[in-house]
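# Tertiary structure, described
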Amino acid sequence: MKHLLGIEDLSKEEIESLIDSAVELKAGRCLDGPKPLLGETWAMIFTKSSTRTRVSFEVGLNELGARPMFLNANDVQLGRGEPIKDTARVLGRMVDGAIIRTFDQQDVVDFAEYGKIPTINALTDEEHPCQILADLLTIRELLGGWEGKKIAFFGDGDCNMGRSWAWAAKRLGFELVIAAPAAFQPDDEFMGRLGEAPVTVTDDVEVAAKNSDVLYTDTWVSMGKEAEAADRLATLAPFQINDEVVSIANPGAIVQHCLPAYRGKEITESVLEARADEIFQEAENRLHAQKAILVALAAAR
Ligand code: CP
Ligand code: NVA
């Protein structure tokens, strides 16, 4: 694995190996742990806001011996129109790896190609692979694994999280049901690219929740979609995870949310607080999963 640009690019074995490594890194976390990135500098180029991704990468890089260099895209020449491929060719000669949060998936693809340094997708409009790896780690911890499990995703099924979940289902073979209104279901181009996969799409919340082991949601207004907020909130309202939806799922089902959560929108206050331990364990797992990604990329150079 030279880069982590999307779950789409990973094999089943690569995903399993990253989760195994994350389990070990979490169990062995200590102040003087191994430092495979000792002395390195990793650039973190962010065009969108972040709490979890930024903090977990900064802490993770420090723990592995590297220095994170946070670059708000608006503070560097990228924000004034310097092409991503030129930015990549400059940074690639100075830093050891790059972590990029932006809009267009093609930008992280181009950065990886032109920078020639390990490149990580820290969220684009297309995929959020780091989040999915943390979610899989949490599912392994809380449910013993994903084999034979049914994961139900509620809300904007055509956003980065819905798409990354679909690739994870295809690679790992678990059942994924996306419950979304027609306007927010994965589009035909995506479903065609996904091909044969254990993924179904429905507008029936009950069908999705029934027999499910994981109830998953994400904001209804992803970053960059703020102008559509009113329409999205109205159309997606029936797809909220609330006590009734939880009551339909399997006994023992867990609730997951990539966060940040908007209470009263995609999830109720009642469900979020009742399931806070599961949801914030998932947030903590961003750190362990991303350390596994960094270690794997360093080893592959
Ligand atoms: N889940 C997630 O990526 O959170 P941030 O936007 O806070 O990084
Ligand atoms: N779909 C959301 C995820 C936030 C972590 C967004 O892109 O804003």
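To be clear, the structure that these remarks concern was listed above.
To keep things clear, this report deals only with the structure shown in the data block. Computed from a predicted structure; not experimentally measured.

Cut-offs and rules
- Residues numbered from 1 in each chain as written.
- Chains lettered and ligands numbered in written order.
- Predicted model: local features only at pLDDT ≥ 70, side-chain atom pairs only at ≥ 80, totals over all residues.
- Heavy atoms only, no water.
- Near = heavy atom within 4 Å.
- Polar contact = N/O pair within 3.5 Å; in protein donor to acceptor, adjacent residues only side chain to side chain.
- Areas by Shrake-Rupley, 256 points an atom, 1.4 Å probe, with all protein chains shown as cover.
- Nonpolar A, V, L, I, M, F, W, Y, C, P; charged D, E, K, R; others polar.
- 1 Å grid on protein atoms, 1.4 Å probe; cavity = no way out; pocket = protein on both sides within 12 Å on 5 of 7 lines; lining within 4 Å.
- Sits in = over half its atoms within 2 Å of the grid points.
- Pairing = 2+ DSSP bridges.
- Helix = DSSP H or I, 4+ residues; strand = E, 2+ residues; numbered from the N terminus.
- Axes fitted to C-alpha atoms, helices over the stretch in contact; angles between N-to-C directions.
- Buried < 20%, exposed > 50% of the residue type's maximum accessible area, 1.4 Å probe, protein only.
- Lys, Arg positive; Asp, Glu negative; His and termini not counted.
- Salt bridge = Lys/Arg side-chain N within 4 Å of Asp/Glu carboxyl O.
- Contact = heavy atoms within 4.5 Å.
- Points joined across faces, edges and corners; volume = space filled by probe spheres on them.

### Section: the site of ligand 1
Lining the immediate surroundings of ligand 1 are Ser 50, Thr 51, Arg 52, Thr 53, Arg 101, His 128, Gln 131, Cys 258, Leu 259 and Arg 286. One of the side-chain nitrogen or oxygen atoms of His 128 is found 2.8 Å away from an oxygen atom of ligand 1. Between a nitrogen atom of ligand 1 and a main-chain N or O atom of Leu 259, the distance comes to 2.9 Å. Relative to its free-state accessible area of 250 Å², ligand 1 is covered by the protein chains to the extent of 96%. Residue classes in the shell around ligand 1 are distributed as two nonpolar, five polar and three charged.

### A short note on the site of ligand 2
The environment of ligand 2 is made up of Leu 123, Cys 159, Asn 160, Asp 218, Thr 219, Ser 222, Met 223 and Leu 259. Taking Asn 160, its side chain carries an N or O atom lying 2.8 Å from a nitrogen atom of ligand 2. In the model, an oxygen atom of ligand 2 is placed 2.8 Å from a nitrogen or oxygen of the Met 223 main chain. Compared with its free state, where it exposes 270 Å², ligand 2 has 95% of that area covered by protein. According to the grid-proximity analysis, the pocket containing ligand 2 is the largest pocket. The residue inventory of the shell around ligand 2, partitioned by class, reads four nonpolar, three polar and one charged.

### Describing the sheet that holds strand β1 (residues 41–46)
With respect to topology, four strands assemble into an open sheet ordered β2-β1-β3-β4, the strand pairing being parallel. The strands lining the two open edges of the sheet, one partner per strand, are β2 (67–72) and β4 (119–121). Across this sheet, the average inter-strand angle for adjacent strands is 20 degrees, counted without regard to direction. Bridge count for β1 against β2 is six bridges, and the pairing is parallel.

### Considerations on the side chain of Glu 266
By secondary structure assignment, the location of Glu 266 is in the loop between β9 (254–257) and α11 (269–274). Of the side chains bearing the opposite charge, Lys 265 lies closest to the buried Glu 266, which forms no salt bridge; the N-O distance is 7.5 Å. Among the polar contacts listed, one links the side chain of Glu 266 to the side chain of His 257, at a separation of 2.7 Å. Excluding residues within four positions of it along the chain, Glu 266 makes contact with Thr 217, Asp 218, Thr 219, Trp 220, Gln 240, Ile 241, His 257, Pro 260 and Ala 261.

### Quick look at the layout of surface pockets
In this structure, the largest pocket encloses a volume near 670 Å³. Surrounding the largest pocket, 37 residues form its lining, Asp 218, Thr 219, Val 221, Ser 222 and Met 223 being those nearest its centre. For the lining of the largest pocket, the element with the highest residue contribution is helix α6 (residues 160–172), accounting for three residues. Taken together, the residues that form the lining of the largest pocket break down as 13 nonpolar, nine polar and 15 charged. Along its surface, the second largest pocket is lined by 13 residues, and Leu 25, Gly 33, Pro 34, Leu 64 and Lys 291 are the ones closest to its centre. Broken down by secondary-structure element, the contributors of at least two residues to the lining of the second largest pocket are α1 (12–27) and α12 (276–299). Of the residues belonging to the lining of the second largest pocket, the class tally is six nonpolar, two polar and five charged.

### Topic: the environment of Pro 118
One can find Pro 118 in the loop between α4 (105–115) and β4. The exposure class of Pro 118 is buried, given its relative accessible area of 5%. The spatial distance from the C-alpha of Pro 118 to the C-alpha of Ala 234 is 41 Å, given a sequence separation of 116 residues. Not counting the four nearest positions on each side in its chain, Pro 118 is found in contact with Lys 2, His 3, Trp 42, Asp 96, Gly 97, Ala 98, Leu 297 and Arg 301.

It is worth stressing that arrangement in space is one thing and function is another; only the former is reported here.
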